[in-house]
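So the chains spell out like this:
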Amino acid sequence: MAAAGAEAAAEEEKRLPEGDPESGGDSDDEGDSDSSGDGEDEEKENEAEIQRLEEQLSINAFDYNCHLDLIKLLRQEGELVKLRRARQKMSELFPLTEEIWLDWLKDEIKMASEISEREKVYELFERAVKDYICPEIWLEYAQYSIGGIGQEGGIERVRSIFERALTAVGLHVTKGTALWEAYREFENAILETAQPAPGSIPSPEQQQVLCSQLEKIHTLFRRQLGIPLLDMEASYAEYEEWSEEPIPETTVKNYKKALQQLEKCKPYEEALLGAETPKLAEYQAYIDFEMKAGDPARIQLIYERALAENCLVPDLWARYNQYLDRQLKVKELVLSAHDRAVRNCPWTVGLWIRYLLAMERHRVEHSIISEMFEKALNAGFIQATDYVEIWQAYLDYLRRRVDFTQDSSKELEELRSAFARAVEYLKQEVEERFSESGDPSCTIMQNWARVEARLCNNMQKARELWDNIMTKGNAKYANMWLEYYNLERAHGDTQHCRKALHRAVQCTSDYPEHVCEVLLTLERIEGTLEDWDAAVQKTENRLARVNEQRAKAAEKEAALAKQEEERAEQRKQARAEKKASKKAKKTRAGDKRKADEDDEGEWGQEEELPSKRHRAEGDGVLPEEDMEVETGLFGRSEKADGPAAPKEKASTSRKDIPKVFHDSSKDKVTVFVSNLSYTMAEPEAKLRELFGSCGEVVEVRAVFNNKGTFRGYCYVQFREEEAARQALGLDRTAVEGRPMFVSPCVDKNKNPDFKVFRYSTTLEKHKLFISGLPFSCTKEELEEVCKAHGNVKDIRLVTNRAGKPKGLAYVEYENEAQASQAVLKMDGLTVKDHVIKVMISNPPLRKLPERPDPSKASLALPRQIYGARGKGRTQLSMMPRALQRQSNPVAKAENGMVQNSPAASSEPPAEPKKMSNADFAKMLLKK
């Protein structure tokens, strides 16, 4: 064996790729020394990496990518013993893919020279064909078995392997033909060896062998022609040419029927051929088609084909196993599928639970089921509640094994021991890992108490368990007390029921009224007068305390709300005073105020109002810094008529632009673009070019203020609605260093609840949320870190409106398996001296703003209706000036609104006296 090992090592060295340091070369001495030095460095690096990977696997044996990396390095280094051990460990935990198996089998075949070593290769093939239904592996198996045809029983062994291969993959529409042809070639080779020598007359025994062999080949042709396979016509033509007799009518009929079935399958096969990975939708359509046809063999095959390409999709495994459990019910087939499911997706607790149920259903030995449960506990679930579910499933199984007619049994003691272990496991292992037990309401202890009370008639133990449940923070919940009360009513006595309800009245904080009602009902039916009086007094006292606590809480909440309102009012008043003071300083004595047009009417509407000037001493205009005129949300307004402002450039830049009215009927072909840079030059031209890739752009309406400064948002109108939908895909595109926001054009007055948020706000198990990143981290750098743990589909760095990073990111993987592995390996990782936090993406629910109560609307004063964007700086008051005069001297009115003098501005304005119609008439007559 030592010599065989040396030969194997030498053979492995021959297979080393060119350029490996151990393979040598024909370079000069200097080149040899350099290459040897580089080779030694690379070898040391590989050895260090191998050691690191082995240590990582000792910590987390379910790290799939780590297994792959280790096998690749060991194969590169030629470490045959370690390579075989690494493959063996991985195959025990995961089903291996077709490529991994073929590499392993080819390596072992090259090293197998003796009969005992060939038997080990046969065993390896047997393991390989059980992982997935792969035509290539079956074909390799059959061809390898032909090499042992010279051994005793070799021919029958080859035929047995071919028959098993045809049963497994002979129905494969695209790859099954290769197996049938290989089988026929083998039988034809046997036929050639059975032919008599030329010129000789065959004996009766030889004639019988020839006829038997011919019949075998005929049978193979007939079987193949009855199955829908690609290139059936070529197989039929080959049969016609080979056969010396006419093809039987039955075979022709079956052939035509198979051709018709092939035509029905072709659309699904073509869809699979043209689809991109993972092809789940195409496979599901194919499965539905086969399910309607109802052929179990074909249904099983299409499921297996889908799983070979989507082995990490738990839902697909669950549907396949459900079909096998309910329809086929073949023990070996069912249990094999369940075993492969949990080895492929060990993080999915539902697959483990179905496996335990299937093993119990097919009466597998208890020791094997217990061993499988222990494997489930070490599978590395991603949620604390998963451990509660798997424990509950196992406890249910143990409970069904117990014969409760006996006072004591081995099974009952095992059940109680398992209950105790489950409680301890959730408290220690799960709580330490997830910072929660996953079972806050103690469902496992509740079930334990019910088993003790109902099935074991042990109320004393049940009461101890419920007392333990209440001490874990559940005493404040009414439903927990009522569960205990119902258990006492069914299996206990009235005294303990009364005691439980009295404790419930004292401890319950969520629904004390309900508990009090249950206590009074009990005493009304079964209690004495003393019991009734005690219950009434206890409930009244408790409810009085509860009402008092609620009143205090309501007062506290009202006080906080009032304080918040006062602070808001103070802030509002401070802003108003600051604004008034600023305007008062800018107003020059004797200047007349020019009334700007009111462009803040209904959303999307624009009206031209004639310019007006207040008549007063002197002529003057409002400085342009205080005027910001636009045409609502859909374009620019003209400048108001009147004398030109001092800044001639600003006045002429917007003067001749015609007013554009918005057509709300074109909202479907319009998008709203915002968060653009204010300094963008020629926004119309730039945005027209940017959105031109989506479709024909009819118009770009950028919004400017009266000075000609771009305000950072605009409206882009397309010719077709489809182009507008494509334009939404440019949302968050970086334009001049800022993320551009693109959203549908929606009337916010008509749709106040309309929100545009393109990302999911629910749990996404295939997506990670990463926080704590350095602001300098780029998308490429983060992708380099993440791609080591799976195939990264997308990375999104979260930025603010200015495009600056916030240290947050979302990373999307192909499936939840890769995401869960990345969480385990990346959480707590250091990136540029920053420790990052990694978790599954599950954003918190957004708090919706409270809507005003319509019933209270009549109590509030009517609110003045402004435009869609509130009261603008140029909004005018329509109240006559005569009605604005007061006895105290006032400052000059601005925009039609009266302002107090600086001396009086610090004092709160007095409440205006209510005036009748007669008062108004007198005031006008005095004018």
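See the structure shown above.
All values derive from a computational prediction rather than experimental measurement.

1. Some words on unusual backbone geometry
Move 1: The omega angle of the peptide bond from Thr-277 to Pro-278 is 15°, so this bond is cis rather than trans.
Move 2: Relative to the helices and strands, Pro-278 resides in the loop between α12 (249-274) and α13 (280-293).
Move 3: With a phi angle near 55°, Lys-832 is a residue other than glycine that sits in the positive phi range.
Move 4: Within the fold, Lys-832 resides in the loop between β11 (830-831) and β12 (834-835).
Move 5: You can call Lys-832 partly exposed: its relative accessible area is 40%.
Move 6: Of note, the phi angle at Asp-833 is positive, near 65°, even though the residue is not glycine.
Move 7: Positionally, Asp-833 belongs in the loop between β11 and β12.

2. A look at the sheet that holds strand β9 (residues 792-799)
Sheet strands pair by backbone hydrogen bonding; their relative direction is either parallel or antiparallel.
Move 1: Read from one edge of the open sheet, 4 strands run β9-β10-β8-β13, paired in antiparallel fashion. Of all the strands in the sheet, just β9 and β13 (837-841) have a single pairing partner and so form its edges. With direction set aside, neighbouring strand axes in the sheet form an average angle of 25°.
Move 2: In the sheet, strand β8 (residues 764-771) pairs with strand β10 (residues 805-813) via 5 bridges, with the strands oriented antiparallel. Bridged to Ile-770 within β10 is Ala-809.

3. Remarks on helix α26 (residues 529-586)
Move 1: Compared with an ideal rise of 1.5 Å per residue, which puts 58 residues at 86 Å, α26 spans 85 Å between its outermost C-alpha atoms and is within 8% of the ideal.
Move 2: For α26, every residue scored as buried is listed here: Ala-535, Thr-539, Arg-542 and Val-546.
Move 3: Structurally, α26 contributes buried residues whose contacts are with α24 (494-507) and α25 (512-526).

4. Digging into the pattern of salt bridges
Move 1: Under the definition given, this model contains 45 salt bridges.
Move 2: Taking the shortest distance from any N to any O, the salt bridge between Arg-75 and Asp-107 comes out at 2.9 Å. Taken as a pair, Arg-75 in helix α3 (residues 64-77) and Asp-107 in helix α5 (residues 98-111) lie far apart in primary sequence, 32 residues in all.
Move 3: Relative accessible area serves as the criterion here: at 34%, Arg-75 is assigned to the partly exposed category.
Move 4: Here Asp-339 makes a salt bridge to Arg-343, at a shortest N to O gap of 3.5 Å. Within this pair, Asp-339 and its partner Arg-343 are both found in helix α16 (residues 331-344), separated by 4 residues, close to a single helical turn.
Move 5: Residue Arg-343 is classed as buried on the basis of its relative accessible area, which comes to 14%.
Move 6: Here the salt bridges do not stand alone but share partners, grouping Arg-75, Arg-87 and Asp-107 into one network.

5. Structural notes on the nonpolar core
Move 1: Ile-137, Ile-390 and Trp-391 are the most contacted members of the largest nonpolar core, which totals 160 residues.
Move 2: Per-element tally for this core: the top contributor is helix α19 (residues 384-401), with 10 residues.
Move 3: Residues contacting Trp-391, with those up to four places away along its chain left out, are Phe-373, Leu-377, Ala-418, Arg-421, Ala-422, Tyr-425, Leu-426 and Ile-444.
Move 4: One finds Val-671, Phe-691, Ala-723 and Val-742 within the second-largest nonpolar core, a separate group that totals 22 residues.

6. Concerning the side chain of Thr-508
Move 1: Along the polypeptide, Thr-508 turns up in the loop between α24 and α25.
Move 2: Judged by relative accessible area, which is 0%, Thr-508 ranks as buried.
Move 3: Here the side chain of Thr-508 touches Ala-504 through a polar contact of 2.7 Å, landing on its backbone oxygen.

7. Details of a negative patch on the surface
Move 1: On the surface, Glu-40, Asp-41, Glu-42, Glu-43, Glu-45, Glu-47 and Glu-79 cluster together to form a negatively charged patch.
Move 2: Among the structural elements, Glu-79 can be located in the loop between α3 and α4 (80-93).

8. Section: the packing of helix α20 (residues 410-434) against helix α21 (residues 443-455)
The angle between the axes and the distance between the axes are what describe a pair of packed helices.
Move 1: Between α20 and α21, whose axes approach to 10 Å, the crossing angle comes to 160°. Taken together, the axes of α20 and α21 are roughly antiparallel relative to one another. Read as a crossing pair, α20 and α21 show a hand that is left-handed. Taking contact as the criterion, the partners of Leu-415, Arg-416, Phe-419, Ala-420, Ala-422, Val-423 and Leu-426 in α20 are, on α21, Ile-444, Met-445, Asn-447, Trp-448, Val-451 and Glu-452.
Move 2: By residue class, the composition of the contact of α20 with α21 is 10 nonpolar, 1 polar and 2 charged.

Cut-offs and rules
- Residues numbered from 1 in each chain as written.
- Predicted model: local features only at pLDDT ≥ 70, side-chain atom pairs only at ≥ 80, totals over all residues.
- Heavy atoms only, no water.
- Helix = DSSP H or I, 4+ residues; strand = E, 2+ residues; numbered from the N terminus.
- Buried < 20%, exposed > 50% of the residue type's maximum accessible area, 1.4 Å probe, protein only.
- Pairing = 2+ DSSP bridges.
- Axes fitted to C-alpha atoms, helices over the stretch in contact; angles between N-to-C directions.
- Expected span 1.5 Å × (residues − 1).
- Contact = heavy atoms within 4.5 Å.
- Salt bridge = Lys/Arg side-chain N within 4 Å of Asp/Glu carboxyl O.
- Core = buried A, V, L, I, M, F, W, Y, C linked by side-chain atoms within 4.5 Å.
- Polar contact = N/O pair within 3.5 Å; in protein donor to acceptor, adjacent residues only side chain to side chain.
- Patch = residues over 30% accessible without salt bridge, like charges linked within 9 Å, V, L, I, M, F, W, Y side chains within 5 Å.
- Areas by Shrake-Rupley, 256 points an atom, 1.4 Å probe, with all protein chains shown as cover.
- Lys, Arg positive; Asp, Glu negative; His and termini not counted.
- Charge placed at Lys NZ, Arg CZ, Asp CG, Glu CD.
- Parallel < 35°, antiparallel > 145°, perpendicular 65-115°, else oblique.
- Left-handed = near helix turned anticlockwise from the far one by under 90°.
- Nonpolar A, V, L, I, M, F, W, Y, C, P; charged D, E, K, R; others polar.

This is a description of form; function is not addressed.
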